[in-house]
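Commentary on secondary and tertiary structure
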Amino acid sequence: MSTKSPAAPSVPLAVIGIGGCFPNARSMRDYWANIKAKRDAIREVPASHWTKDDYFDADPKAPDMVYAAKGGFLEAYDFDPSEFGLAPNTLEATDPAQLFGLVAAKMALADAGYPADKEWDRARTSVILGVTGTLEVVVPLGARLGHPRWRKAMAEAGIPKEAAEDAVARIADSYVSWQENSFPGLLGNVVAGRIANRFNLGGTNCVVDAACGSSLSAAHMAALELQAGRADMVLTGGVDTFNDVFMYMCFTKTPALSPSGHAKPFDAKADGTTLGEGVGMVVLKRLADAERDGDRIYAVLRGIGTSSDGRGKSIYAPSAGGQMRALTEAYRVAGVDPATVELVEAHGTGTAVGDGIEVEALSTVYRTSGRAGTWCALGSVKSMIGHTKAASGSAALIKSVLALRHKVYPPTIKVIEPLPVLAKGDSPFYLSLEKRPWLSPQGHPRRAACSALGFGGTNFHAVLEEHGGKKTETDWDADVELVAVSGDDASQLPAKLKPFETLKSWDEVRVAAVKSRAEFDAQSPCRLAVVLEKSTDFSALIAKAVSGLSANAGEASWSLPEGVYYGGGAAPKLGVLFPGQGAQYTGMGRDLFCAFPQAFSVLENADAAFDGERRLSDFMFPRPGWTDAQKKAAESDLRATQVAQPALGAAALGALRVLSLFGVKADAYAGHSYGELVALHAAGRYDEQTLHSLSGLRGRLMAAGGGDLGSMLAVMAPLADIEEALSEEKLDLVIANRNAPEQNVLSGATPEIEKAQGLLSARGLKVVRLPVAAAFHSPLVAPALEPFAQALKKVAFAKPAVPVYANTTGEPYPDDAAAARALLAGQLAKPVEFVKLVSAMRRDGVGAFLEVGAGARLTGLAGLILKDAEAIAVDASNGRKSGVADLARALARLAALGRATDLTPWQGGETGLKDARPRPRMSVTLTGAPYRSSHPAPRPVRPPLTAASAASAAPAPA
């Protein structure tokens, strides 16, 4: 037995650059955006790869046939061979893995700040990549060598020589031909070799094959190279574009593929994996060197653990013991306790046995930390892009790195019911089914880990850590663009929009949109803004806007397509409204909190001020549940008054901070019920800390006392009809909210509300129970008045920068601090005079209302009160659609109205175009399949060979 001590802990490494392409993602920005948006990239096998009619049979035992025909395939890529010094006539002999490898390497090095045109020490830069076996182009090249067998078989079948030679030629036409570049073009090691050659890198240049663990195997070797001082920078990752029918046949006959074509990692009914293509690379440096050189650091690689399964059940059967050895080694060399890891991107292939063993291994090691309960999010990107084999480890590593960089828990899709071991709820792991902001844990930085396992019993596990605890950059997705044009006359606008109709690629749209926003002037007499989404037909929307402008000469009454906003004349005054309790829902503000550091910091501050056993953010963004009961329980937890009010404040203030990034300013503020606290802060009467403190206190006081705190009932009827019904039915309720001419809210004891619900419905009135936990603005909350008033005496009230219209009076708050405190304290138990409030704002010149916070209820009420008012909501879709797209539409409407709105920061402006890639002037279309420049001209179809014609053409017997 060896007495040697274990290896020393790893030297921490910095991930400073990322590049690559995955299914439905031509860039790493696309890849990350797809993950967050839960976009499924799995599709039917494209014609470029193989034909389903030729090879598909639902019977898994059918010889030489496959039972799955879906997967993750790289998007067509406009590849410029001159960009990499390649002659076009060599492309057919060059495997797409080598070509996409060049693309990914260029992306990663440029992203790291070491582009091809910059001087840096290339001699000490290595390229170590994960690539499995030979490359895909070897299959068609090898198939050409079957000519003798084809000839012999046809001769034995009695086919005349002339016809046989014609058939041989036809078969050969379907394959690429051999040439002098074929040999290097089919070699896996040349994936790294081409990169080293093209970018003049003088360090180690090699590839490693650990099957589906190849990417992390390569990263492990890269780490050793850096730790040994043999290189100062390493480009590493995985490359796999091998998704032809040969690869499908390999996995079909194992068998490991899902008959449905969809991998469902960690789902109880998972039935196999799905194949994918991908290329992912990262640039690594020693952390100390990266910090010294001022590199941007995505995350820190603390260490990688490795192991072999040894003698297992079979060469490809997973082993919990082997995986546990890799996990244990990873946390030892990283110097990290698994109790501090909050996200694991698992290998998670979607095979029930493999996933179950992986969870077993992870759970065993994580429980050895001594931490009880459930604390770590678990997921697998294979549910979205398929199993990218040699590139799967890099897909996992990049996903984890970006999650740490942007402080976001990424989602996993296709889980209907988790594996029993996870469904029980006593594992250290829960499934990360929804995107959520990742708030900083107590006592340690955010940490993540990822695994990659390979046939042959090879296991790898990487441990990662954030670099810097603050969210500092906006996580723009480039999925939504905002085009804005302006002029002295409406007739000038069509010409400014017309060029957008001819743009073919989304990146061209991005470039042109940035230019339009830079030239836009909100003070111009005529303004038009268009919100474009990558997933829609943007050319058609622009064409509708152009034709509408041209036909209507800028008349405001013309029917605008959705997403197009026009305005002329002077800008109206803007009133900002903040919603109150009842508007809350789990996940409110999700996209804004995850994308914008301005909103994220509000959530951090709200968490710090919250007085509860759990963090406020845990109520707003609970661990995802998969049953209706779990989801209802989460909504119920958030509905509790002591939680809902500070949560609504955080959501509203987060959105307000985002609007300030674009220069949005209000001429007046108001809030509905609780929202009045946010309005007073927005007007400058007290600071953010005071808002969070008052929100929590108000909620706790209104929830105190125990027993029935009452309920609320919305009634869609005029006030007089409701008062008459209350009198006739002898209902002991108060009209708490006078929201609109025909929408009022009753408040009182729960039994009385339930009684009213039945009686008023019987009278033909439409009624809706509100999702609140108390009878607000009624005598039932009166006990909270005095303690809240006492607390307000300690709050310094500054003079308002702009007026705040009060719920109780409908008029602006008094400037006097004592009078303002008294008005706010008394508001708790008095009716909300929302009709009076909105009417007073309109009387004082407010012509547009912007709702900031959860949902769009107040926008609807303002529209009912003032039929001709502009009513806009930041959360117009109530979380059902993209929150960033909702924000874009709100900004577009404000800009079209002529409000002083700065649109230049949208999508990061010019800086955000670093990854934009307009179509090259000279390009070929590259996919994961071997490239064919052209196919030989079809040979004429010969007449069918009959027995008689075969006999007459056959040579005479000897």
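Refer to the preceding data block for the structure.
The model shown is predicted, which means the values in this text are computed figures rather than measured ones.

**As for the sheet that holds strand β26 (residues 804-805)**
In spatial order, the strands read β26-β21-β20-β27-β28; together these five strands make up an open sheet with parallel pairing. In this open sheet, the two edge strands, each paired with only one partner strand, are β26 and β28 (870-873). Here strand β20 (residues 573-578) runs beside strand β27 (residues 846-851); their pairing, made up of five bridges, is parallel. Each bridged residue has a counterpart across the sheet, and for Val576 the counterpart in β27 is Leu850. Of the strands in this sheet, β20, β27 and β28 touch helix α32 (residues 857-865), which is tilted by about 155 degrees from β27. Docked against the sheet, helix α33 (residues 883-897) engages β20, β27 and β28, running at close to 150 degrees with respect to β28.

**Some points on the packing of helix α12 (residues 320-334) against helix α13 (residues 352-367)**
Close contact between α12 and α13 brings their axes to 9 Å; oriented N to C, the two are set at 40 degrees. One element, α12, and the other, α13, form an angle in the oblique class. Between α12 and α13 lies a crossing of right-handed hand. Here Ala320, Gln323, Met324, Leu327, Thr328 and Tyr331 of α12 come into contact with α13, specifically with Ile357, Glu358, Glu360, Ala361, Leu362, Thr364, Val365 and Tyr366.

**Focus on the nonpolar core**
Counting residues in hydrophobic clusters, the biggest one holds 103 residues, and the most contacted among them are Phe578, Met620, Tyr669, Leu850, Leu887 and Trp906. Excluding anything up to four places from it in sequence, Trp906 contacts Trp476, Val480, Glu481, Leu482, Arg517, Phe662, Val884, Leu887, Ala888 and Leu891. Val208, Leu226, Tyr409 and Cys450 belong to the second-largest nonpolar core, a separate cluster that totals 52 residues.

**Points about the pairing of β28**
Bridge analysis of β27 against β28 gives four bridges, and the strand direction is parallel. Each residue of the ladder has a partner; that of Ala848, found in β28, is Glu870.

**Description of the side chain of Ser10**
By the secondary structure assignment, Ser10 is in the segment before β1 (13-21). Apart from residues lying up to four places away in sequence, Ser10 is in contact with Gln227, Arg302, Gly303 and Val333.

**A few points about the pattern of salt bridges**
Inspection of every chain in the model, using the stated rule, returns 50 salt bridges. Ionic pairing is found between Asp844 and Arg843, a salt bridge with its closest N-O pair at 3.0 Å. In this structure Asp844 comes out as partly exposed when scored by relative accessible area, which is 30%. One network of salt bridges, with partners in common, ties together Arg124, Asp232, Lys285, Arg286, Asp289, Arg292, Asp293 and Asp295.

**Side note on empty space enclosed by the protein**
Across all of its chains, the model carries three cavities of 30 Å³ or more by this definition. Computed from the structure, the largest cavity encloses a volume of approximately 60 Å³. Together, Gln323, Ala326, Leu327, Glu358, Ala361, Leu362, Ser451, Leu453, Asn459, Phe460 and His461 line the largest cavity. Elements supplying a minimum of two residues to the lining of the largest cavity: α12, α13, β15 (447-454) and β16 (458-465). In the lining of the largest cavity, the residues fall into six nonpolar, four polar and one charged.

**Focus on the sheet that holds strand β19 (residues 564-568)**
The strand order across the open sheet built from three strands is β17-β18-β19, with neighbouring strands paired in antiparallel fashion. What marks the edges here is a single partner per strand, and that holds for β17 (480-487) and β19. Between one strand axis and the next, the sheet turns through 10 degrees on average, direction left out of account. Of the pairings in the sheet, the one linking β17 to strand β18 (residues 526-533) comprises eight bridges and is antiparallel in character. What sits directly across from Val483, in β18, is Val530. The strands touched by helix α18 (residues 506-519) within the sheet are β17 and β18, with β17 carrying the most contacts at an inclination of about 40 degrees. Against the sheet, helix α19 (residues 538-552) engages β18 and β19, with an angle of about 160 degrees to β18.

**A look at the packing of helix α5 (residues 147-156) against helix α6 (residues 161-173)**
Packing of α5 against α6 leaves a shortest axis separation of 10 Å and a crossing angle of 145 degrees. The two elements α5 and α6 cross, and the hand of that crossing is right-handed. Side by side, α5 and α6 meet where His147, Trp150, Arg151 and Met154 of the first sit next to Ala164, Glu165, Ala167, Val168, Ile171 and Ala172 of the second. Taken together, the residues of the contact of α5 with α6 break down into seven nonpolar, one polar and two charged.

**Let's talk about the layout of surface pockets**
Of the pockets and cavities examined, the largest pocket occupies roughly 1600 Å³. What lines the largest pocket is a set of 47 residues, and nearest its centre among them are Ser27, Arg29, Lys914, Asp915 and Ala916. At the level of secondary structure, the elements contributing two or more residues to the lining of the largest pocket comprise β1, α1 (28-37), β4 (77-79), α3 (96-111), α15 (392-406) and α18. The biggest single contributor to the lining of the largest pocket is α3, with five residues. For the lining of the largest pocket, a count of residues per class yields 18 nonpolar, nine polar and 20 charged.

**Thoughts on the environment of Gly853**
Counting through the fold element by element, Gly853 comes out in the loop between β27 and α32. A relative accessible area of 8% means that Gly853 is categorised as buried. In sequence terms Gly853 and Ala876 are 23 residues apart; their C-alpha atoms lie 9.8 Å from each other. Gly853 has contacts with Pro579, Ala651, Ala652, Ala655 and Asp875, leaving out every residue within four places of it along the chain.

**Comments concerning the pairing of strand β5 (residues 125-130)**
The side chains of a regular strand alternate, residue by residue, between the two faces of the sheet. Here β5 lies mainly inside the structure; six of its six residues are buried. On β5, burial covers both faces: Thr125, Val127 and Leu129 on one face and Ser126, Ile128 and Gly130 on the other are all buried. Two elements, β5 and strand β7 (residues 233-240), share six bridges in a ladder whose sense is parallel. Within β7, the position partnered with Ile128 by the bridge is Thr236. Strand direction decides the pairing type here: β5 and strand β6 (residues 205-208), joined by four bridges, are parallel. Looking at the pairing, Ile128 lines up with Cys206 of β6.

**Considering unusual backbone geometry**
Here the residue pair Thr254 and Pro255 is connected by a cis peptide bond, since its omega of -15 degrees sits within 30 degrees of zero. Note on placement: Pro255 falls in the loop between α10 (245-252) and β8 (278-286). Despite not being glycine, Ser673 shows a phi value in the positive range, around 55 degrees. Inspection of the secondary structure puts Ser673 in the loop between β21 (668-671) and α25 (675-682). Although it is not a glycine, Gln907 sits at a positive phi angle of roughly 55 degrees. Looking at the secondary structure, you find Gln907 in the loop between α33 and β29 (924-926).

What counts and what doesn't
Residues numbered from 1 in each chain as written. Predicted model: local features only at pLDDT ≥ 70, side-chain atom pairs only at ≥ 80, totals over all residues. Heavy atoms only, no water. Pairing = 2+ DSSP bridges. Helix = DSSP H or I, 4+ residues; strand = E, 2+ residues; numbered from the N terminus. Contact = heavy atoms within 4.5 Å. Axes fitted to C-alpha atoms, helices over the stretch in contact; angles between N-to-C directions. Parallel < 35°, antiparallel > 145°, perpendicular 65-115°, else oblique. Left-handed = near helix turned anticlockwise from the far one by under 90°. Core = buried A, V, L, I, M, F, W, Y, C linked by side-chain atoms within 4.5 Å. Buried < 20%, exposed > 50% of the residue type's maximum accessible area, 1.4 Å probe, protein only. Salt bridge = Lys/Arg side-chain N within 4 Å of Asp/Glu carboxyl O. 1 Å grid on protein atoms, 1.4 Å probe; cavity = no way out; pocket = protein on both sides within 12 Å on 5 of 7 lines; lining within 4 Å. Points joined across faces, edges and corners; volume = space filled by probe spheres on them. Nonpolar A, V, L, I, M, F, W, Y, C, P; charged D, E, K, R; others polar.

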